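# Topology and contacts: notes
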Amino acid sequence: MTPDVQNLYQAHATDLISQHQDLLKKYDFDAAVIPSGELQYVFQDDMSYPFKANAYFKWLVPLCKHPNCFMVIPQKGKPTLIYFVPRDYWHAVPEMPDENLFSAFDVQVISKAGAAQGLLPHTSGQIAWLGEAPQAFDLPKTASLLPEPLLSELHWLRAYKSEYEQHCLYQASLLGAKAHLAAKQAFYAGLSELQIHNAYLHAMGCKESNLPYGNIVALNEHAAVLHFTEMDNVVYDKSELRSFLIDAGGSFHGYASDITRTYAFQHNDFAEMIVALDQKQLEIVDAIEPGDSYIELHKLTHRKVAEILLEFNVLDCALDEALEKHITSTFFPHGLGHHLGLHVHDAGGHQETATGGSKLPPPPHDFLRNTRTIEAGNYFTIEPGLYFIPQLLGELKDSKHSGLVNWDKVEEFLPFGGIRIEDNVLVGENAVENFTRKAFAELNPA
């Protein structure tokens, strides 16, 4: 880390420790123990799955490739970072910890996973255990595993990004945007889905397991499958290439970006529809205001999608009728977006208050992942879509609303699959900052 970023991190860690300790006092816990996690092995095999650090742990320390570490936060006093450096010549081992970076913690180095047990707090009071139960030793008798009231408070806090987190999120956006540009170039070169995916990885300079989620790389009709992750290695003749949807992100110090773009191989009505949805997406971003409901923003998106469907003669009805009868749900069947941060679909999106409770999405918007009031410091995705999904179209065609659709136009667009445009935005007190557009502009200034 540069000195400036190190200062941001240390301020972030100091504030986060204080917030944890206030909550430990509020809920009468003597301490919190936060494991980084352990390697998980394939059944009856000695091969492990790729390691993913516990979000509660990497929130405090940027150690994303470090199993068998622990953070111990007492109600008062300096936390302890138990840092695992095994004696191992079979695998690469972590470097010794940078004590200047981790000056907020008392750092204890161990070489055997089980040795952490002796460094955990010994108290007759309650311990909040914020992670999976350990495999290397028994859970302490006074430990409360994932106590719900405390977790609710932490999930609520995760929606407000510190300056350090904002830095990490923008770096993740830069990584994602750089790889997206490489994928776009690979599409226009006529490569297969798998080859495009490999071009993405090469541009990012990472292994597939280092991605924040599995890439969605979809050509032609595959773009109608919302989470298409098969990645065929079929190289189409360029005369057969029609469309390309890529939903893929990057990761920086455990923070994720989540970016989607759609391209047409030739200039045609589908290419114009992409331009139209891109413009509507920017209008939705411009409509974001602190204090407004994310649910209402999602409903606004359905209106924007209806406007496009009418513009391209896909609908044969009035706009209000299309919305009233939920026709747009066939073409836009997912939610507008979700909180983003330590997880791609970050915690607390349906949470009603800091102390808990759920605010579920209203029908027919059951897939909406964020129902909270928009606040300064929030970071989330804005990802409208417009798809031609055979299953959903078949259900609409068989319904009493079939006559509201121009099915000849649907047939024209069906081979293109669909469109999604997704940006990651930070809500400020007075403005919204679009990290995705900013990253693309920095890498490819016009």
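Quick caveat: nothing in here was measured; it's all calculated off a predicted structure.

### Some details on the sheet that holds strand β8 (residues 243–248)
Read from one edge to the other, the open sheet built from three strands follows the order β7-β8-β11, with strand pairing classed as antiparallel. Either end of the sheet is taken by a strand with one partner, and the two such strands are β7 (216–219) and β11 (259–264). Across this sheet, the average inter-strand angle for adjacent strands is 5 degrees, counted without regard to direction. Relative to β11, β8 is paired through six bridges, and the arrangement is antiparallel. The partner of Leu 245 across the bridge, within β11, is Thr 262. Against the sheet, helix α4 (residues 163–188) contacts β7, β8 and β11, and its axis sits at roughly 20 degrees relative to β11. Relative to β11, helix α6 (residues 269–286) is tilted by about 150 degrees, and along the sheet it contacts β8 and β11.

### Quick word on the layout of surface pockets
Rolled over the atoms, a probe as big as a water molecule pinpoints where empty space is left. Considered as a void within the structure, the largest pocket measures approximately 1,600 Å³ in volume. Forming the walls of the largest pocket are 45 residues, and the residues nearest its centre are Phe 51, Cys 64, Lys 65, His 66 and Asn 210. In terms of residue class, the lining of the largest pocket is built from 26 nonpolar, twelve polar and seven charged. Of the volumes computed, that of the second largest pocket is approximately 430 Å³. Around the second largest pocket, the lining comprises 18 residues; the ones closest to its centre are His 227, His 334, His 345, Arg 369 and Glu 383. Taken together, the residues of the lining of the second largest pocket sort by class into six nonpolar, seven polar and five charged.

Cut-off values and rules
Residue indices follow the written sequence of each chain, beginning from 1 at its first position. Local features in a predicted model are, by the rule used here, given only for residues with pLDDT of at least 70; side-chain atom pairs are given and counted only at 80 or more, and totals for whole chains, interfaces and linings are based on all residues. Only heavy atoms go into the side-chain values, all of them from the structure, while hydrogens and water stay out. Note: two strands are recorded as paired if DSSP finds a minimum of 2 bridges between them. Numbering of helices and strands runs from the N terminus, with a helix taken as a DSSP run of H or I at least four residues long and a strand as a DSSP run of E at least two residues long. Orientation is described by lines fitted to C-alpha atoms, with helices fitted over the stretch in contact, and by angles between N-to-C directions that extend from 0 to 180 degrees. In this analysis, two residues are considered to be in contact whenever any of their non-hydrogen atoms come within 4.5 Å of each other. We place a 1 Å grid over just the protein atoms. Points where a 1.4 Å probe fits but has no way out form a cavity, open points with protein on both sides within 12 Å along at least 5 of 7 lines form a pocket, and any residue with an atom within 4 Å of a point lines it. Grid points are joined across faces, edges and corners, and a volume is the space filled by probe spheres set on the points. Each residue gets one of three labels, nonpolar for Ala, Val, Leu, Ile, Met, Phe, Trp, Tyr, Cys and Pro, charged for Asp, Glu, Lys and Arg, and polar for the others, Gly among them.

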